[in-house]
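Examining the three-dimensional arrangement
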Amino acid sequence: MDFDALFATQLNQLKEEGNYRIFAELERECGQHPKAQCHGEDGKRQITVWCSNDYLGMGQHPKVVERMQEVIGQCGAGAGGTRNISGTNHHHRLLEDELADLHGKEDALLFTSGYVSNWAALSTLGARLRDCVILSDELNHASMIEGMRHSRAKVVIWKHNDPADLEAKLAALPANCPKIVAFESVYSMDGDIAPIAEICDVAEKYGAMTYLDEVHAVGMYGPRGAGIAERDGVMDRVTLIEGTLGKAFGVVGGYITGSKTLCDFIRSFASGFIFTTALPPAVAAAAQTSIRHLKESSAERDLQKVRVAQLRQMLDRAGIPHIDNPSHIIPVMIKDPVKCRMLSDYLMDEFGIYVQPINYPTVPKGTERLRFTPSPNHSVDDLRHLVSALEVLWKQCAISQAVA
Ligand code: PMP
């Protein structure tokens, strides 16, 4: 059988739909964020990155980089095993303590990514709690959806950010089955924020545990950068908080936090935790440094908020429509996959501006967009350059028709 031909048919279909992914090949330059070199057919050139999830530039913060170098010198490059078989390093334990403290929980558990933490935790909870029902916000991330599916637990979808619909769905379930309400705080594609307190009110009324993904909020919100639950003063009401070390903290890895028994339960039963090599100790140490820094310093968060507000204002003045949301994510809606890719290509080729097109299946068809994430390291000149480039292209590509 010609397997390549079978693969090619589906790839061609993606290409025809305008949904084939092409990666920009970057060489990040330490200390220069958001500038990077981009490799192309004619060699490499400097560009400005506008779609990084290193939201605060912490991946290049001198303290974080130095700490990683220092611990590589001490411990070497890798962990040497799974957590169970020789791979648990002192730096993992220190980081877990740091994370538990960050979220005001008894304990924390590290994973190799945020994706794995969601997948492993939800699949374990759903599979191990007999007759469990998971109530999932309809816009939850793929990693949560995959975890819930894998658990084979019953999943009930509730309307996005709608506690009344959640309540209706909870009320229809048998009183005595274990229930988990799974949702996110900052939704990364529209940039809207969950009403966590109201969701907790409803969950508590029905005896459900709450599972909150704060991946796009940790490091970014709250006085110590613990996320939206901290900002809203409700950390203690959420049963399990999940986060990543790969976005605002600038490194890589994922985690859950909760009670000692909950973390012990996931540690003891989750295959995605048990059967995989532990994070390099230097990664754990660098992440701890980043978390500590953002616990104590709000300078990065404050400047980033200024840049976000400035970009929104400039886009308004230029008549470029964007989703008005209360977060740091600025989606400019294009609503057409081919135009979205074309705009992204033009921005890169003509202006050295890199923003990846966000197409199906990351977002529903017809809601294709460019998603801008200003960092504290973008200058006002960077903002001006971006908006004037968008103004030019808006006219050239007749985007207003697609957006209207
Ligand atoms: N949860 C959400 C809401 C996400 O958007 C992502 C990644 N984009 C993840 C989890 C996975 O996190 P990580 O990148 O650390 O795997």
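Just so you know, the residues in each chain are numbered from 1, in the order the chain's sequence is written. Local features are withheld for residues below a pLDDT of 70 in this predicted model, meaning they are given only at 70 or higher, and side-chain atom pairs are given and counted only at 80 or more; totals for whole chains, interfaces and linings count all residues. Processing note: side-chain calculations cover all non-hydrogen atoms of the structure and skip hydrogens and water entirely.

The protein chain is annotated in an unreviewed UniProt entry as 5-aminolevulinate synthase from Dinoroseobacter shibae. What the UniProt record of the protein chain gives under Cofactor (unreviewed entry) is the line "pyridoxal 5'-phosphate". UniProt positions are given in the numbering used here, feature names are shortened, and annotations may be inferred rather than shown by experiment. Of the comments in the UniProt record for the protein chain, the one headed Catalytic activity (unreviewed entry) reads "succinyl-CoA + glycine + H(+) = 5-aminolevulinate + CO2 + CoA".

Re the pattern of salt bridges
Any carboxyl oxygen of Asp or Glu that lies within 4 Å of a side-chain nitrogen of Lys or Arg is treated as forming a salt bridge with it. This structure, assessed with the given rule, holds 24 salt bridges. Across the salt bridge formed by Arg-292 and Glu-98, the nearest N and O atoms sit 3.0 Å from each other. Linking Arg-292 in helix 12 (residues 281-296) with Glu-98 in helix 4 (residues 90-103), this pair joins segments that are 194 residues apart in sequence. Type-normalised accessible area, obtained with a 1.4 Å probe on protein chains alone, sets the label of each residue: buried when under 20%, exposed when over 50%, and partly exposed for intermediate values. Arg-292 gets classed as partly exposed once you look at its relative accessible area, which sits at 44%. Overall, Glu-98 belongs to the buried group, its relative accessible area being 7%. Secondary structure elements follow DSSP: runs of H or I no shorter than four residues count as helices, runs of E no shorter than two count as strands, and numbering proceeds from the N terminus.

Overview of the pairing of strand 4 (residues 107-111)
Along strand 4, 5 of the 5 residues are buried, which leaves the element largely enclosed by surrounding structure. Burial of the side chains of strand 4 extends over both faces: Asp-107, Leu-109 and Phe-111 are buried on one face and Ala-108 and Leu-110 on the other. Pairing between strands requires that DSSP locate at least two bridges from one strand to the other. With 5 bridges joining them, strand 4 and strand 10 (residues 254-258) adopt antiparallel strand pairing. Paired with Leu-109 across the strands is Ile-256, a residue of strand 10.

Looking at the confidence of the model for the protein chain
pLDDT: the predictor's confidence for each residue, scored from 0 to 100. On average, residues of the protein chain score 96 in pLDDT, and 98% of them are at 70 or above. Mean pLDDT per element in the protein chain: helix 16 (residues 399-403) is the minimum at 47, and strand 8 (residues 209-213) is the maximum at 99. Only heavy atoms enter the contact rule, under which two residues are in contact if any of them lie within 4.5 Å. Segment residues 400-404: pLDDT under 50, and 9 contacts once partners within four positions in sequence are set aside and those in other chains are kept. Among the scores for the predicted complex, ipTM is 0.99 and pTM is 0.96.

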